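Here is how the chains run, residue by residue.
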Amino acid sequence: MLAAPAWPATTASGVVSSIASHRIHTSQRSLSLFQRRRNYASSLSVPRHVRKLFCVQVKVPDGVNIEQGEEDETCELVNGVDLLIGEGEDTIHAYLLKAVKNNNGSGVLFLSDVFGFEDSATRDFAYRVACNGYNVLVPDLFRRNPWRKDQPKSQFDKWLQTQIPLRVSKDIDLCTKWLIDEFKSAGISEKLGLIGFCFGGGRLIETLARDANSNFATGVCFYGTRMDPSLCNQLQVPVLFISGDEDPLCPVSVLEEMERNIKGAKVVVYRGRGHGFAHRPESQEEDKEAEDAFVVTRTWLQEKLLASVARSVV
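Throughout what follows, the structure given in this document is the object of discussion. (Residues numbered from 1 in each chain as written. Predicted model: local features only at pLDDT ≥ 70, side-chain atom pairs only at ≥ 80, totals over all residues. Heavy atoms only, no water.)

### Let's talk about the overall build of the chain
- On a plain count of helices and strands, the chain comes out with eight helices and nine strands.
- In the chain, buried positions account for 53% of the 314 residues.
- Taking as baseline every contact in the chain between residues at least 6 positions apart, the subset at least 24 positions apart corresponds to 73%.
- For the chain, the computed accessible surface area is about 15,100 Å², with 49% contributed by carbon and sulfur atoms. (Helix = DSSP H or I, 4+ residues; strand = E, 2+ residues; numbered from the N terminus. Buried < 20%, exposed > 50% of the residue type's maximum accessible area, 1.4 Å probe, protein only. Contact = heavy atoms within 4.5 Å. Areas by Shrake-Rupley, 256 points an atom, 1.4 Å probe, with all protein chains shown as cover.)

Structural data, given as structure tokens:
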């Protein structure tokens, strides 16, 4: 088994840890997220005393009652920490989910959809990836200005214009460097995985196309929007594309073109599913296609990323 990375208190990239543990807030959305995380941790084949040993300390807010015997179940297998990465005007927020138990020594950069890095669905999915042994970094691609669900759709294009592509690319590169520096400090593999959803899926293609230093071993693109097929010949690593055939924002024809022009690429299309189904399922317990998409992703990362990590430490 690969050694878990020893995350240093400071790094060359000037990161400052602002919060040492994930906090559960009293809002209904956060309590729902808390419940789903607890259920997922409980579903793993890990004895309760082991879960307690490896849990992250969770602060339960005043006024929230915990029944007897329930406290052990709140323990998690993942340590969450808020970060500031960079310096001065280039500083951006990010959220790191670090696998505590069975850490496989690999990192994943996670590019969110337009709702941003604090969205509960985004953090749910990132948490599940981390539960499988990965260290997942979710950056704030929108600099505290994500698209809000209560905004009128007629304002979307105007909002999108405020997300300057060059600035977003620089932020992604900064976070990539931060992860690489962390892994260098820990003395383990420097190969990363890349996952992108919707807006982040389009940025995934651009990121891999300019990956001159071969930092990434693979990518997983969920219903990427505004993807540029002309960049395909610049990608040097295999990419898994996941989408639904009723997604107007991610046409299957574009995915098939990507598959033809990226060596080792694979497209998985779910019939009858629209945009966002994999990380915003109707029900985490009942949506079989969303669960299957996660299993496909997990298998892909095992085969493409972990194999690369193993080769780099031999």
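This is not the end of the story, as more comes after the structure.
### Details of unusual backbone geometry
- Unlike most non-glycine residues, R143 shows phi in positive territory, near 50°.
- Structurally, the position occupied by R143 is in the loop between β5 (135-139) and α4 (156-161).
- Phi angles above zero are rare outside glycine, and R144 is one such case at about 65°.
- Mapped onto the elements, R144 comes out in the loop between β5 and α4.
- By relative accessible area, which is 46% here, R144 ends up partly exposed.

### Here's the deal with the side chain of T218
- Position of T218 relative to the elements: it lies in strand β7 (residues 216-222).
- Residue class for T218 comes out buried when judged on its relative accessible area of 0%.
- Side-chain polar atoms of T218 contact the side chain of W300, separated by 2.7 Å.
- Setting aside residues no more than four positions away along its own chain, T218 makes contact with L192, G193, L194, V237, P238, W300, L301, K304 and L305. (Polar contact = N/O pair within 3.5 Å; in protein donor to acceptor, adjacent residues only side chain to side chain.)

### A few points about the nonpolar core
- Within the largest apolar cluster, 80 residues are counted, with the highest numbers of intra-cluster contacts made by L109, V136, L137, I195, F222, F241 and I242.
- Broken down by element, the residue count for this core peaks at seven residues, all from helix α5 (residues 165-186). (Core = buried A, V, L, I, M, F, W, Y, C linked by side-chain atoms within 4.5 Å.)

### A few points about the pairing of strand β9 (residues 266-270)
- Of the strand pairs in this sheet, strand β8 (residues 239-244) and β9 are connected by five bridges, and their pairing is parallel. Bridged to S243 within β9 is V269.
- Since β8 and β9 lie parallel, the crossover through helix α7 (residues 252-261) that links them has a hand, and here it is right-handed. (Pairing = 2+ DSSP bridges. Right-handed = clockwise from strand over helix to strand, strands pointing away.)

### Here's the deal with the environment of E206
- Positionally, E206 belongs in helix α6 (residues 199-209).
- Put simply, E206 and L235 are 29 residues apart on the chain and 8.9 Å apart in space, counted from C-alpha to C-alpha.
- In contact with E206, not counting residues within four places along its chain, are S169 and L231.

### Some points on helix α3 (residues 120-131)
- Between its first and last C-alpha, α3 extends 16 Å over twelve residues, near the 16 Å set by a 1.5 Å rise per residue.
- By the criterion of burial, α3 is predominantly enclosed, with twelve of the twelve residues buried.
- Every buried residue belonging to α3 is among S120, A121, T122, R123, D124, F125, A126, Y127, R128, V129, A130 and C131, and all of these are buried.
- Among the residues of α3, the N-terminal cap falls to D119, whose side-chain oxygen and the backbone nitrogen of A121 are separated by 3.1 Å.
- In the segment just after α3, G133 is the residue with positive phi, at about 105°. (Expected span 1.5 Å × (residues − 1).)

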